[in-house]
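Structural overview for review
Here are the chains, one letter per residue:
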Amino acid sequence: MNKAFVKESDNDDDEDALALAQAIPAGAKNYITPAGYQRIKDELLQLIDVDRPEVVRIVHWAASNGDRSENGDYIYGKRRLREIDRRIRFLTKRMDSAFVVDPTVHYGNDQVFFGATVGYINKAGEEHTVTIVGVDELDPLKGKISWVSPVARALTKCREGDVVPLQTPLGMDELEIISVDYPEPVAD
């Protein structure tokens, strides 16, 4: 069958959205920091204003060359255009569902809330520092953990000096909170 008559799946973006939506507990808001929201917005604008028009230009040029069935620029361009459009839909949905929370409102507070940078020591004596962020911002290699993660849930609402139990796959652990920091408010 000719590839021109085979419809590619539109379920890819639905599957991506479903995977991330499952990370957020049912009925909970999609919390995100202002910086995380800005990164999503910047990526969306980059796709809309720069990437998509460039691919459209290439596809238009390739289509004007005639036979599209063996035209690599055309075929790749159309595929890339679908990927860009899928990402645009995904980012738009994430921005629509986002609930921006500014962690600077807790500056000086020693209790753990969304946006806090928390230093803790586990039972093995290992020291860790994590920042609690939204599911769209998590980056474990940089110490950014999602607010729905088990560690973040265990730390939330606790204070500096508290010892918190944490159930891990290896058994119970205890986390002693040694520091709680928030970003300083920026004066306008």
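For the structure itself, consult the block above.
The present account deals with the structure reproduced in this document. (Residues numbered from 1 in each chain as written. Predicted model: local features only at pLDDT ≥ 70, side-chain atom pairs only at ≥ 80, totals over all residues. Heavy atoms only, no water.)

Some words on the overall build of the chain
Broken down by element type, the chain carries 4 helices and 7 strands. Helices and strands in the chain line up, N terminus first, as α-β-α-α-β-β-β-β-α-β-β. By the burial criterion, 32% of the 188 residues in the chain qualify as buried. Restricting the contact set of the chain to residue pairs at least 6 apart, pairs at least 24 apart contribute 60%. Taken as a whole, the chain presents about 11900 Å² of accessible surface, with 54% of it coming from carbon and sulfur. (Helix = DSSP H or I, 4+ residues; strand = E, 2+ residues; numbered from the N terminus. Buried < 20%, exposed > 50% of the residue type's maximum accessible area, 1.4 Å probe, protein only. Contact = heavy atoms within 4.5 Å. Areas by Shrake-Rupley, 256 points an atom, 1.4 Å probe, with all protein chains shown as cover.)

A closer look at the pairing of strand 7 (residues 171-181)
Direction of pairing for strand 3 (residues 117-121) relative to strand 7: antiparallel, over a ladder of 5 bridges. Among the inter-strand pairings, glycine 119 is bridged to a residue of strand 7, identified as serine 179. Here strand 6 (residues 163-168) runs beside strand 7; their pairing, made up of 6 bridges, is antiparallel. Residue glutamine 167 lies in a different strand from strand 7, and its bridge partner there is methionine 172. The hairpin formed by strand 6 and strand 7 contains 2 residues between the paired strands. (Pairing = 2+ DSSP bridges.)

A closer look at helix 2 (residues 34-63)
Taking 1.5 Å of rise per residue, the 30 residues of helix 2 would be expected to cover 44 Å, and the 42 Å separating its terminal C-alpha atoms lies within 8% of that figure. Residues of helix 2 that are buried: Gly36, Ile40, Leu44, Leu47, Val55, Val59, Ala62 and Ala63. Buried residues along helix 2 sit against strand 1 (30-32) and helix 3 (72-97). (Expected span 1.5 Å × (residues − 1).)

Quick look at the pairing of strand 4 (residues 127-133)
With 5 bridges connecting them, strand 3 and strand 4 associate as antiparallel partners. Along strand 4, the bridge assignment pairs valine 118 with valine 130. Between strand 3 and strand 4, which pair antiparallel in sequence order, lie 5 residues; one of them, glycine 125, sits at a positive phi of approximately 85°. Bridging between strand 4 and strand 5 (residues 144-146) involves 3 bridges; their strand directions are parallel. Bridged to isoleucine 132 within strand 5 is isoleucine 145.

A look at the sheet that holds strand 6
Where strands meet in a sheet, backbone hydrogen bonds hold them as pairs that are either parallel or antiparallel. On the basis of which strands lie adjacent, the open sheet formed by 5 strands has the order 5-4-3-7-6 and mixed pairing. Only two strands of the sheet have a single partner each, and these edge strands are strand 5 and strand 6. Direction aside, the axes of adjacent strands within the sheet are offset by 45° on average. (Axes fitted to C-alpha atoms, helices over the stretch in contact; angles between N-to-C directions.)

Overview of helix 3
With 26 residues, helix 3 should reach 38 Å at 1.5 Å per residue; the first-to-last C-alpha distance of 38 Å fits that figure. Buried within helix 3 are the following residues: Tyr74, Gly77, Leu81, Ile84, Arg86, Ile88, Phe90, Leu91, Arg94 and Met95.

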